[in-house]
Amino acid sequence: AQSVTQLDSQVPVFEEAPVELRCNYSSSVSVYLFWYVQYPNQGLQLLLKYLSGSTLVKGINGFEAEFNKSQTSFHLRKPSVHISDTAEYFCAVSEGVMVFGAGTILRVKS
Amino acid sequence: DGGITQSPKYLFRKEGQNVTLSCEQNLNHDAMYWYRQDPGQGLRLIYYSQIVNDFQKGDIAEGYSVSREKKESFPLTVTSAQKNPTAFYLCASSIMGSGANVLTFGAGSRLTVL
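Just so you know, these numbers come straight off a predicted model, no measurement behind them.

What counts and what doesn't
- Residues numbered from 1 in each chain as written.
- Chains lettered and ligands numbered in written order.
- Predicted model: local features only at pLDDT ≥ 70, side-chain atom pairs only at ≥ 80, totals over all residues.
- Heavy atoms only, no water.
- Helix = DSSP H or I, 4+ residues; strand = E, 2+ residues; numbered from the N terminus.
- Rg over C-alpha atoms; globule rule 2.2 N^0.38 Å.
- Buried < 20%, exposed > 50% of the residue type's maximum accessible area, 1.4 Å probe, protein only.
- Pairing = 2+ DSSP bridges.
- Phe/Tyr/Trp six-rings, centres within 6.5 Å; stacked < 30°, edge-to-face > 60°.
- Lys NZ or Arg CZ within 6 Å of the ring centre and 35° of its normal.
- Contact = heavy atoms within 4.5 Å.
- Buried area = accessible area lost by both parts, 1.4 Å probe.
- Polar contact = N/O pair within 3.5 Å; in protein donor to acceptor, adjacent residues only side chain to side chain.
- Core = buried A, V, L, I, M, F, W, Y, C linked by side-chain atoms within 4.5 Å.
- Salt bridge = Lys/Arg side-chain N within 4 Å of Asp/Glu carboxyl O.

A. Broad picture of the overall build of chain B. A tally of regular secondary structure across chain B gives zero helices and eleven strands. Relative to its length of 114 residues, chain B is compact, with a C-alpha radius of gyration of 13 Å against a globular reference of 13 Å. Its C-alpha atoms give chain B principal-axis dimensions of about 35 × 30 × 30 Å. Here chain B, with 114 residues, has 49% of them falling under the buried criterion.

Okay, structure coming up:
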């Protein structure tokens, strides 16, 4: 069965600093991996996805993620965060129906 | 613009009452989903449907019911049998129910039991 573990429930970071949000997954077959962002009291928006091909995936708002099959990881990174990046971020894996991690709240401080 | 409309955005319910959350999409997507979100638990799948007049239980279907009479609509009923219904409910859709397809989400409905 597929599952997702987000290793940090909250990540505080200062504005313009780099950030990494960690995600590990388990799956019995080839996987499709996703990162979504959720702003307060809103639905989820897709940041980026890995389906196949290059292991480095670029998404919207300057985010990128790297698929590492040997470590079963799909960590999300941004080299310089802004206040507006404050939100909750969800890693997800899909073999058919999408399964989400518990979420990581990114708090960007000025 | 195409998208998913959930209503109502906020809903209050007394214990023992059934309530129905609406989800309508105009994206011509085949598959539709209901997720429940609680703080610190991520999103958990309640029900999903890949075709009209057919749906499958997710991980936490107990106390919920759905119908899929039209491709565009996938309402969720929270019954009195759901022991802890206070949560944020998210409806989503995708082109087809395969793993590579991205979910498009509605803005959510927040249910509070008084």
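B. Up close: the pairing of strand β1 (residues 4-7) of chain B. Residue and element names in this part refer to chain B. By the alternation rule, side chains of β1 split into I4 and Q6, which are all buried, and T5 and S7, of which none is buried. Two strands pair when backbone bridges link them, and β1 and strand β3 (residues 19-25) are joined in this way by four bridges, in the antiparallel orientation. Directly across from I4, in β3, lies its bridge partner Q25.

C. Quick look at the packing of aromatic side chains. Counting across every chain of the model gives 13 aromatic pairs over all chains. Here Y64(B) and Y89(B) contribute two aromatic rings whose centre-to-centre distance is 5.9 Å and whose plane-to-plane angle is 65 degrees, an arrangement assigned as edge-to-face. With Y64(B) in strand β7 (residues 64-66) and Y89(B) in strand β9 (residues 87-94), the pair connects residues that are 25 residues apart, well separated along the chain. Overall, the relative accessible area of 0% leaves Y89(B) in the buried class. An aromatic cluster is present here, built from F34(A), Y36(A), F100(A), Y33(B), Y35(B), Y48(B) and F105(B) joined pairwise through their rings. Sitting over the ring of F14(A), K109(A) keeps its end group 4.6 Å from the ring centre. The side chain of R68(B) reaches across the aromatic face of F74(B), ending 6.0 Å from its centre.

D. Representation of the interface of chain A and chain B within the structure. Each side of the interface is counted separately: chain A has 21 residues, and chain B has 23 residues. Interface of chain A and chain B: buried area, both sides summed, is about 1,600 Å²; carbon and sulfur atoms make up 60% of it. Among the residues chain A hides against chain B, the three largest losses belong to N41(A), V97(A) and F100(A). Together they make up 32% of the total. Inspection of the chain A/chain B interface yields six residue pairs in polar contact (both at pLDDT 80 or more). Where the side of chain A that touches chain B is concerned, the elements lending two or more residues are β5 (32-38), β6 (44-50), β10 (87-94) and β11 (98-100) of chain A.

E. Spotlight on the nonpolar core. Residues L33(A), W35(A), L47(A), L48(A), F74(A), L76(A) and Y89(A) are the most contacted members of the largest nonpolar core, which totals 28 residues. In this structure, L11(B), M32(B), Y64(B) and Y89(B) belong to the second largest nonpolar core, which totals 20 residues.

F. Region of the structure containing the pattern of salt bridges. Residues and elements named next belong to chain A. This model, assessed by the stated rule, comprises eight salt bridges over all chains. Between R77 and E20 there is a salt bridge, with its nearest N and O atoms 2.8 Å apart. Note that R77 is positioned in strand β9 (residues 73-78) and E20 in strand β3 (residues 19-21), a separation of 57 residues in sequence. For R77, a relative accessible area of 26% corresponds to the partly exposed category. Judged by its relative accessible area of 34%, E20 falls in the partly exposed class. The residue D85 makes a salt bridge to K78 at a minimum N-O spacing of 2.8 Å. Note on D85: relative accessible area 3%, which makes it buried. Relative accessible area serves as the criterion here: at 7%, K78 is assigned to the buried category. Members of the salt-bridge network, linked through shared partners, are E20, E66 and R77.

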